[in-house]
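Structural description and commentary
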Amino acid sequence: MDVGTGCGIQAIVASQRAERVLGVDVNPDAVLLAGENAGLNGVLNVEFLVSDLFENVCGIFDVVLFNTPYLLEDACGVESTAWAGGAEREVVSRFLDDAKNHLEEDGFMVLVTSDACGSECLEKMFSGGGYEFELAGSEKVFFEDLLCYRLWVRKSKKKVEPP
């Protein structure tokens, strides 16, 4: 699953390794464009759907991709949740709250973000939300570092009482 699919590039690339991919975006124009891009590239195993994060999504997935909104507030002057995730990272918070309901037991998520949006705070959100995580990679691009995190649901550890 590709959340916030935009033009569909992540979903299209993921389709090369997956049986089926669902791409969702809150923007109906983005969903149309993603579908056109999939068609132009001969990709048949991707479906695109208008959804505010998981709002219209049924089912569970092995992998969930999310290219998070990078900015804390609308620093670009563009009123869009594609760029600005809210002063308190509301979009990422809502995503983390619901994502575990859509992951297979051994599934994982891949989140791409920017160091400009406060990676330490995001990592606290991951831990506080019941996730284990690792920084899978980073790349310097212009004035920021793009960060790629891999997250999975923390397994509860049962206390074993002696007999």
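Residues numbered from 1 in each chain as written. Predicted model: local features only at pLDDT ≥ 70, side-chain atom pairs only at ≥ 80, totals over all residues. Heavy atoms only, no water.

Let's shift gears to the confidence of the model for the chain. Looking at the chain as a whole, its pLDDT mean stands at 86, while 83% of the residues score no less than 70. This model gives residues 74–78 a pLDDT under 50, and the stretch forms five contacts once residues within four places in sequence are excluded. Low pLDDT, under 50, characterises residues 80–88; the predicted model gives this stretch 22 contacts beyond four residues in sequence or across chains. (pLDDT = per-residue confidence, 0-100. Contact = heavy atoms within 4.5 Å.)

Attention now goes to the packing of aromatic side chains. Counted according to the given criterion, the structure contains five aromatic pairs. Both rings, one in F126 and one in Y149, keep their centres 5.1 Å apart while their planes meet at 75 degrees; by these two values the pair is edge-to-face. Of this pair, F126 sits in helix α4 (residues 119–128) while Y149 sits in strand β7 (residues 144–153), and the two are 23 residues apart along the sequence. With a relative accessible area of 1%, F126 lands in the buried category. Given the relative accessible area of 1%, Y149 is considered buried. (Phe/Tyr/Trp six-rings, centres within 6.5 Å; stacked < 30°, edge-to-face > 60°. Helix = DSSP H or I, 4+ residues; strand = E, 2+ residues; numbered from the N terminus. Buried < 20%, exposed > 50% of the residue type's maximum accessible area, 1.4 Å probe, protein only.)

Quick look at the side chain of S15 now. By secondary structure assignment, the location of S15 is in the loop between α1 (9–14) and β2 (21–25). The class of S15 is buried, set by a relative accessible area of 9%. In contact with S15, other than residues within four places in its own chain, are V21, V43, N45 and V46.

As a further point, take the environment of E55. For E55, the location among the structural elements is in the loop between β3 (46–50) and β4 (61–67). Taking the relative accessible area as the measure of exposure, E55 reaches 59% and is therefore exposed. With 43 residues separating them along the chain, E55 and D98 place their C-alpha atoms 9.2 Å apart.

Here we take up the pairing of β7. Examined bridge by bridge, strand β5 (residues 103–114) and β7 share six bridges and lie antiparallel to one another. Following the sheet pairing, L111 is matched in β7 by Y149. Of the strand pairs in this sheet, strand β6 (residues 131–141) and β7 are connected by ten bridges, and their pairing is antiparallel. The residue of β7 that forms the bridge with S138 is L147. Connecting β6 to the next strand, β7, in antiparallel fashion are two residues, including F142 with a positive phi near 55 degrees. (Pairing = 2+ DSSP bridges.)

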